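Structure assessment
Read off the chains here:
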Amino acid sequence: MIRKILIANRGEIALRIVRACRELGIRTLAVYSEADEQSLHVQLADEAICIGPAAGNESYLRADRILSAAEVADVDAIHPGYGFLSENAEFAEQCESCNITFIGPKSETISQMGDKAKARETVANAGVPIIPGSEGALENDIIATKFAQKIGFPVIIKAVAGGGGRGMRIAHNAVTFAKEFQSARLEATKAFGNGSLYIEKYLANPRHIEFQILADRHGSVIHLGERDCSVQRRHQKVIEESPSPFLDKSLRNRMGKAAIKAAIASEYINAGTVEFLVDEKGKFYFIEMNTRIQVEHGVTEEATGIDLIKEQIQIASGNRLSMAQKEVVMAKHAIECRICAENPAMGFIPSPGRIGLYYAPGGHGVRVDSHVYGGYTVSPHYDSMICKLISYGRTRKIALDRMYRALSEYIIRGIDTNIEFLKAVILDPAFRQGEATTSYVEEFLSRAPKDLFDKKNQE
Ligand code: ADP
């Protein structure tokens, strides 16, 4: 039985986990860096232990310090959230060997699916369509160039250990390929300590559609429908929604079945996400599996009414899934905007600092997942996302109108944010008509009025 959980993360996801535990009557231990002492998750957890200085590699990435805190506080389980150690197979294994339940899949599954080239092979063997590309990593740029010529340009060069859009480059012809390959290798080595690369055919204007999976230890695997995450900037998601405006029932069924096949092929247990790219004709291809809770899990929760963090904890406790596939209904439409401390007028550069006046939106159909408040200082050490604003309602139009209303209510003074940018997208006819593909943001910015992000328009 799980009585106490250590939350090996920070920010809004740490707070989200504290809240789920409270409702389940489970005690929580927050671990935090010196920069996060004032964060809401630290204040709301039952216990808190400081594990080091602000830098991630001195605190949230220090498995030894986290496991010591777990030992001292005598916890039964660790929830890793997303990012940091959440997809680190070695950390999951260390938890397993310390007899602490890691709230996530088995360490073998994390390594198998964390290697994106291996993941492609695993799901392809199970009959899930993948994008034409290399089998495994490519040794050097000469071999890679030959392969790219064989499958035809444009191609996308990706890091085997990749994540967060890093270590990824598009090459349009053989002349630029070698240079792109080298720079992808450098970036991947720096970001992941692993410079292995593979290539895929680059699809023109696809949609990014992913399926939420739940699997228990008793052999049940279900999906909770899709999230459309096509609105991206530099391959990073900005707006997500569920259901996708593009999918019909038949395509949803086929993709859901493929996602379940991918989960079964990796002997998946707990919550996971199977990501696909979909072309304009509805042909879909697996790109990767994320073996953890996703940032955007809240849209699935609001669309289906299922609490994913609680399900994760129940599964890790050895319980059966609380619902069968036929009981999963996407009864609502939900949309999420990632609110970031950044300045769109200056190329979206991060804008850390102290928040002055702060007023978060509320009301019917609005959910605010955030660890910040008036007087809180946004640290330059971490990701710039400060809030996930979710709106939901019976139809997509209701959810969109509600999102615009909620964004308009939001007051965050003292730092710059992307709120005006998000408002402009929510009003944009192309987005409203459900036409956004992964090239949408670039295209939108190229036609947006020059003064859109001027300060005077934001006050
Ligand atoms: P990461 O793990 O770094 O997030 P993904 O493999 O999930 O990388 O891809 C992130 C995004 O990059 C996708 O949502 C899509 O916008 C783009 N992308 C990835 N692979 C391709 C491809 N083969 N063709 C076109 N776009 C791609």
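These remarks concern the structure in this document. In this text the structure is predicted, and so the values were computed from the model without any measurement.

1. Examining the sheet that holds strand β7 (residues 169–171)
The strand order across the open sheet formed by 3 strands is β7-β6-β8, and the pairing between neighbours is antiparallel. Two strands in the sheet have a free side with no partner beyond their single neighbour: β7 and β8 (197–201). Within the sheet, the average angular offset between the axes of one strand and its neighbour, ignoring direction, is 30°. Sheet topology note: the strand β6 (residues 155–159)/β8 ladder contains 5 bridges and is antiparallel. Along β8, the bridge assignment pairs A159 with L197. Here helix α7 (residues 141–151) sits on the sheet and contacts β6 and β8; the angle it forms with β8, its principal contact strand, is near 15°.

2. Notes on the nonpolar core
Ranked by size, the top nonpolar core spans 40 residues in total, and within it I239 and I339 carry the most contacts. Of all the elements in the fold, those that place two or more residues in this core are β11 (236–242), β14 (333–340), β21 (385–393), α12 (396–409), α13 (419–427), α14 (429–432) and α15 (440–447). With 6 residues, α13 is the single largest residue contributor to this core. Discounting chain neighbours no more than four positions away, the residues touching I239 are D228, C229, V231, I335, E336, C337, L422, V425, I426 and F431. I5, I7, I313 and M385 belong to the second largest nonpolar core, which has 33 residues in total.

3. Comments concerning the pattern of salt bridges
Any two side chains of opposite charge can pair, given that their charged atoms come close. Across all of its chains, the model carries 34 salt bridges by this definition. In this structure, the salt-bridge partner of E12 is K388, at a minimum N-O distance of 3.0 Å. Of the two residues, E12 is situated in helix α1 (residues 11–24) and K388 in strand β21; the sequence distance between them amounts to 376 residues. The burial state of E12 is the same as that of K388; both residues are buried. For the salt bridge of R447 with E443, the shortest nitrogen-to-oxygen distance reads 2.6 Å. Pair noted here: R447 and E443 are both in helix α15, with a separation of 4 residues, about one helical turn.

Thresholds applied
Residues numbered from 1 in each chain as written. Predicted model: local features only at pLDDT ≥ 70, side-chain atom pairs only at ≥ 80, totals over all residues. Heavy atoms only, no water. Pairing = 2+ DSSP bridges. Helix = DSSP H or I, 4+ residues; strand = E, 2+ residues; numbered from the N terminus. Axes fitted to C-alpha atoms, helices over the stretch in contact; angles between N-to-C directions. Contact = heavy atoms within 4.5 Å. Core = buried A, V, L, I, M, F, W, Y, C linked by side-chain atoms within 4.5 Å. Buried < 20%, exposed > 50% of the residue type's maximum accessible area, 1.4 Å probe, protein only. Salt bridge = Lys/Arg side-chain N within 4 Å of Asp/Glu carboxyl O.

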